[in-house]
Amino acid sequence: MTASDFETVLELRRYTLHPGRRDELIELFEREFVEPQEAAGARLFGLFRSRASPDEFVWLRGFRSMEARKEALERFYSGPVWKAHRAAANATMIDSDNVLLLRPVRRGLAAPPPGAGVHVTISSPAPPPESAFAAFETEPSPNTFPRLPVRTDGPFSVWFSRAASASASELVPTTRSLIR
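What counts and how
- Residues numbered from 1 in each chain as written.
- Predicted model: local features only at pLDDT ≥ 70, side-chain atom pairs only at ≥ 80, totals over all residues.
- Heavy atoms only, no water.
- 1 Å grid on protein atoms, 1.4 Å probe; cavity = no way out; pocket = protein on both sides within 12 Å on 5 of 7 lines; lining within 4 Å.
- Points joined across faces, edges and corners; volume = space filled by probe spheres on them.
- Helix = DSSP H or I, 4+ residues; strand = E, 2+ residues; numbered from the N terminus.
- Salt bridge = Lys/Arg side-chain N within 4 Å of Asp/Glu carboxyl O.
- Buried < 20%, exposed > 50% of the residue type's maximum accessible area, 1.4 Å probe, protein only.
- Core = buried A, V, L, I, M, F, W, Y, C linked by side-chain atoms within 4.5 Å.
- Contact = heavy atoms within 4.5 Å.

Draft legend 1. Up close: the layout of surface pockets. For the largest pocket, the calculated volume is near 270 Å³. Where the lining of the largest pocket is concerned, the elements lending two or more residues are strand S1 (9–17), helix H1 (22–40), helix H2 (66–77), helix H3 (80–91) and strand S4 (93–106). Sort the elements by how many residues they give to the lining of the largest pocket and H1 lands first, with four residues.

Draft legend 2. Here's a closer look at the pattern of salt bridges. All chains considered together, the criterion is met by nine salt bridges. Here Asp153 ties to Arg151 by a salt bridge, and the two come within 3.1 Å at their closest N and O atoms. For Asp153, a relative accessible area of 48% corresponds to the partly exposed category. One salt-bridge network, in which partners are shared between bridges, spans Glu11, Arg13, Arg61 and Arg69.

Draft legend 3. Summary view of the nonpolar core. Ranked by internal contacts, the top residues of the largest apolar core, which has 29 residues, are Phe29 and Phe57. Of all the secondary-structure elements, those providing two or more residues to this core are S1, H1, strand S2 (43–50), strand S3 (56–63), H2, H3 and S4. The dominant element in this core, judged by the number of residues it contributes, is H1, at seven residues. Leave out the neighbours within four places in its chain, and Phe29 touches Val34, Gln37, Leu44, Leu47, Phe57 and Trp59. Membership of the second largest hydrophobic core comes to 15 residues, among which are Val58, Leu100, Ala134 and Phe160.

This is the structure in structure tokens:
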């Protein structure tokens, strides 16, 4: 998978869910929210379960620009699909505000080499290791869609990599994830 058209702005979204509700949210998300968000102008790359936290859902979506992000989010969150299913989605969540708005450092969000799962490293600003298949830094632009808060406690560096064997810190792709 190549996502160069959609990697100018990336959201890394980490949701804390009510105990035992992760699979419920993932099923709803995959069934109802992927295609409508993409039709609105977003590109969903990765949907993940965290091995370390059974009540965490992690996902990535990208946009061509900050303005395109604003337009896509306005279309989706004011549209009929979100209105029909937002109560069910929100009922699974304790916190949905752990969101980093990122821009690429290393271009080419592409399918990583085969491995057990995806590891996401979030650190203070630092160059990514050679093992990273994608690397990002905090996007400094103001949030163009304030209905969805993003973290402002950065800056951060974020990179995605694979490990040779499974570990508790990895993210396991769901069936709809494009990053596997």
